[in-house]
Amino acid sequence: MNVIFLVASYLLGAVPSSYLAGRWTRGVDLRRLGSGNLGATNAFRVLGWRIALPVLLFDMFKGWFPVFFFPQWDGAGPAWALAYGAAALVGHVFSIYVRFRGGKGVATGAGVLLALAPRAVLAGLAVWVVLVAATRIVSVASLAAAIVVPIVVRLTRGPDTVFWLSVGLAIFVVYAHRSNIRRLLRGEERRIGGRMGEAR
């Protein structure tokens, strides 16, 4: 039963919401537009916030649902909740439905942690909102939020397993944003509503 739920977590996480939104609403393939990334940020840039917001919420749902519900249904322990979350995250980043392309895992990772450490996720979300408003650079906000979450988990004395999961997710998010980091260092990262090179 655990293996079935593990596979289900991956398949749910792999649902390419931004790709489907692009196809259904505009008839476009987001892999060929903007950054080419199948995440909410690229959906925002290409499709606008009215389409990107549902994409963001669904991507969070993909991480939250298996972590919150599957352990209740299979009677498994906390370790399996973490495994289901990891499977959903891998599914989002390496989606079997679109030739193993996907997003960078920020929203889905936030959904995983929302089921395990909601206060830390809310703190990370607050940091994300503030930095997006201040810098208009989504990658900066996402990287900062990913780093803040494990700090808050530790400060609020969350379980060690959740802390180390949040550390692992933070490392994963930083790794997934390595191209963004290179552009930031060159002053070439895009701002919301701006042009490439305006971030310098």
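Look up a bit, the structure's there.
Residues numbered from 1 in each chain as written. Predicted model: local features only at pLDDT ≥ 70, side-chain atom pairs only at ≥ 80, totals over all residues. Heavy atoms only, no water.

1. Looking at the overall build of the protein chain
Here comes step 1: When helices and strands are tallied, the protein chain shows 10 helices and zero strands.
Here comes step 2: Scanning the protein chain from its N terminus toward the C terminus, one meets helices and strands in the order α-α-α-α-α-α-α-α-α-α.
Here comes step 3: Relative to the 2.2 N^0.38 estimate, which gives 16 Å for 200 residues, the radius of gyration of the protein chain is 16 Å and therefore close to what a compact globule would have.
Here comes step 4: Expressed as lengths along the three principal axes of its C-alpha atoms, the size of the protein chain is roughly 50 × 40 × 25 Å.
Here comes step 5: Within the protein chain, contacts between residues separated by at least 24 positions form 61% of all contacts whose residues are at least 6 apart in sequence.
Here comes step 6: Averaged over its 22 positive side-chain charges, the protein chain has a centre that lies 6 Å from the centre of its 7 negative ones. (Helix = DSSP H or I, 4+ residues; strand = E, 2+ residues; numbered from the N terminus. Rg over C-alpha atoms; globule rule 2.2 N^0.38 Å. Contact = heavy atoms within 4.5 Å. Lys, Arg positive; Asp, Glu negative; His and termini not counted. Charge placed at Lys NZ, Arg CZ, Asp CG, Glu CD.)

2. Observations regarding the pattern of salt bridges
Here comes step 1: With the rule as written, the count across this model stands at seven salt bridges.
Here comes step 2: With its nearest N and O atoms 3.3 Å apart, the salt bridge here joins Asp59 to Lys62. Of this pair, Asp59 and Lys62 both sit in helix α4 (residues 49–74), three residues apart, roughly one helical turn.
Here comes step 3: A relative accessible area of 1% places Lys62 in the buried class. (Salt bridge = Lys/Arg side-chain N within 4 Å of Asp/Glu carboxyl O. Buried < 20%, exposed > 50% of the residue type's maximum accessible area, 1.4 Å probe, protein only.)

3. Topic: a nonpolar patch on the surface
Here comes step 1: On the surface, Val3, Val7, Leu11, Val90, Phe94, Ile96, Tyr97 and Phe100 cluster together into a nonpolar patch covering about 730 Å² of accessible area.
Here comes step 2: Structurally, Val3 is set in helix α1 (residues 2–13).
Here comes step 3: Of the residues examined, Val3 reaches a relative accessible area of 57% and is grouped as exposed. (Patch = residues over 30% accessible without salt bridge, like charges linked within 9 Å, V, L, I, M, F, W, Y side chains within 5 Å. Areas by Shrake-Rupley, 256 points an atom, 1.4 Å probe, with all protein chains shown as cover.)

4. Considering the nonpolar core
Here comes step 1: Of all hydrophobic cores here, the largest spans 16 residues; its most connected members are Leu113, Ala120, Val153 and Leu165.
Here comes step 2: The greatest single-element share of this core, amounting to four residues, is contributed by helix α9 (residues 160–176).
Here comes step 3: If we skip the residues at most four places from it in the chain, Leu113 touches Pro118, Val121, Val149, Val162, Leu165, Ser166 and Leu169.
Here comes step 4: Counting residues in each nonpolar core, the second largest holds 11 residues, with Tyr19, Leu38, Ala40 and Val55 among its members. (Core = buried A, V, L, I, M, F, W, Y, C linked by side-chain atoms within 4.5 Å.)

5. Quick look at the packing of aromatic side chains
Within a pair of aromatic rings, the relevant descriptors are the distance that separates the centres and the angle that separates the planes.
Here comes step 1: Evaluation of the coordinates by the stated rule reveals 17 aromatic pairs.
Here comes step 2: For the pair Phe65 and Trp73, a centre-to-centre distance of 5.8 Å together with 75 degrees between the ring planes defines the contact as edge-to-face.
Here comes step 3: Ring plane angle 40 degrees and centroid distance 5.6 Å describe the contact between Phe70 and Trp73, whose orientation is recorded as tilted. Within this pair, Phe70 and its partner Trp73 are both found in helix α4, separated by three residues, close to a single helical turn.
Here comes step 4: An aromatic cluster is present here, built from Phe5, Phe58, Phe61, Trp64, Phe65, Phe68, Phe69, Phe70, Trp73, Trp80 and Tyr84 joined pairwise through their rings. (Phe/Tyr/Trp six-rings, centres within 6.5 Å; stacked < 30°, edge-to-face > 60°.)

6. A word on unusual backbone geometry
Here comes step 1: You will see that Arg99, though not glycine, has its phi angle at about 60 degrees, which is positive.
Here comes step 2: Along the polypeptide, Arg99 turns up in the loop between α5 (78–93) and α6 (106–116).
Here comes step 3: Positive phi, normally seen in glycine, also occurs at Arg157, with a value near 60 degrees.
Here comes step 4: Mapped onto the elements, Arg157 comes out in the loop between α8 (138–155) and α9.

Geometric descriptors of this kind do not, in isolation, establish any biological role.
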